[in-house]
Amino acid sequence: MKNCIVDVPGILAGHWQDQKAKTGCTVILCPEGAVGGVDVRGGAPGTRETDLLKPGCLVEKVNAVLLTGGSAFGLDAAGGVMKYLEGIGQGMDVGVARVPIVPAAVLFDLGVGDAAVRPDAAAGQAACRAAGKEALLQGPYGAGCGATVGKAFGPACAMPGGFGSASMALPGGGVIGAAVAVNALGDIVDKGRIVAGARGPRGFIDTAAALMAGGPAEDMRGRNTTIGVLATDIKLDKARCARLSYMAHDALGMTVSPPHTLHDGDTFFSLSTGERELDFTILSAAAVEVMRRAILRAVGAGE
């Protein structure tokens, strides 16, 4: 196994990034389609096609999920993913055309590079062309190219965030994988120890403690967000996929301090590509752990 979301059967993934402008996007492709779910928990989300993932809505399967920088501008990249998928004959058959279903979520990276450069349709297509079964680059790549963490005290105290991915074998032969772009307001912690975040002259500041002691004067509005995807070959319906996305946020609660602030747009998707069976409680526990590992890998602190 490659310790990456591409270990999941039925999943391909690819990056596009502009290292000079510090922005990028990551696409998770499902060539045979996948049942999808989502849980939006942050207070400042930027998303696309999330309502159709709700149980009871018409669409049953998605063709791709896009994670992208560029704030709301970056949603343009989803159009490029759609164009690529249409070109290879994928999408929901509506009689007169095939309409690719591409849910997406964005993070804010406009303040670290060139704010005039954002992922667009061409970037989305490029990420699709790069997609395959090779392990994705970790750190400042794809949607994590311009990500930072520990921003409550301004950019001078922040550290790079990034993109991370991980996978785990499941009982019975199944696989679960995670991909995440970490751009949190808060610090990243591993079992209570800060491994990335706001730094001062004497080391890590401890953002949560400092906020509770009075808070910074910095404007924190909408400049953050952690977005990610869980994928598995365990058979799930839309309701269970939504629940799996819900569980992914538990990993965020374990690794980001503080999580789910009004200034973060934290959003997690889930994808089910297969027919394997597994008790959902076991799968849920694995989902939390694999997303925790991916978040740590995004900041260079995981194995």
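Bear in mind that the values here come from a model prediction, so they are computed numbers and not experimental data.

Engineer: Quick question: what am I supposed to make of the environment of Asp 120 here?
Structural biologist: Here Asp 120 is to be found in the loop between strand E7 (104-106) and helix H2 (121-130). A residue is classified by how much of its surface remains accessible, and Asp 120, at 37% relative accessible area, is partly exposed. Within the structure, the side chain of Asp 120 is placed 3.0 Å from the backbone nitrogen of Ala 123, a separation counted as a polar contact.

Engineer: I keep staring at the nonpolar core and nothing clicks. Help me out?
Structural biologist: Soluble globular proteins tend to bury their nonpolar side chains together. Ranked by size, the top nonpolar core spans 38 residues in total, and within it Ile 176, Ile 188, Leu 230, Leu 244, Leu 283 and Met 291 carry the most contacts. Looking at which element gives the most residues to this core, the answer is helix H5 (residues 280-298), with eleven residues. Non-local contacts of Leu 230, meaning those with residues more than four positions away in its chain, are made with Ile 176, Gly 177, Ala 178, Leu 244, Ala 248, Phe 269, Ser 270, Leu 271, Ala 287, Val 290 and Met 291. Counting 30 residues, the second-largest nonpolar core is a separate cluster that includes Val 6, Ala 13, Leu 52 and Val 59.

Engineer: Sorry if this is basic, but what is going on with the packing of aromatic side chains here?
Structural biologist: Where two aromatic rings form a pair, the distance of their centres and the angle of their planes describe that pair. This model, assessed by the stated rule, comprises zero aromatic pairs. Note that Arg 243 overlies the ring of Tyr 246, its terminal NZ or CZ placed 4.3 Å from the centroid.

Engineer: Got a minute to help me understand helix H4 (residues 238-255) in this structure?
Structural biologist: It helps to recall that an α-helix has 3.6 residues per turn; residues three or four apart then point in one direction. Look at H4: 27 Å from first C-alpha to last across 18 residues, which is about the 26 Å you get at 1.5 Å a residue. Three or more residues of H4 are buried, namely Lys 238, Cys 241, Ala 242, Leu 244, Ser 245, Met 247, Ala 248, His 249, Ala 251, Leu 252 and Thr 255. You can read the cap of H4 off the contacts: a side-chain oxygen lies 3.3 Å from the backbone nitrogen of Ala 239, and it is on Asp 237.

About the cut-offs
- Residues numbered from 1 in each chain as written.
- Predicted model: local features only at pLDDT ≥ 70, side-chain atom pairs only at ≥ 80, totals over all residues.
- Heavy atoms only, no water.
- Helix = DSSP H or I, 4+ residues; strand = E, 2+ residues; numbered from the N terminus.
- Buried < 20%, exposed > 50% of the residue type's maximum accessible area, 1.4 Å probe, protein only.
- Polar contact = N/O pair within 3.5 Å; in protein donor to acceptor, adjacent residues only side chain to side chain.
- Core = buried A, V, L, I, M, F, W, Y, C linked by side-chain atoms within 4.5 Å.
- Contact = heavy atoms within 4.5 Å.
- Phe/Tyr/Trp six-rings, centres within 6.5 Å; stacked < 30°, edge-to-face > 60°.
- Lys NZ or Arg CZ within 6 Å of the ring centre and 35° of its normal.
- Expected span 1.5 Å × (residues − 1).

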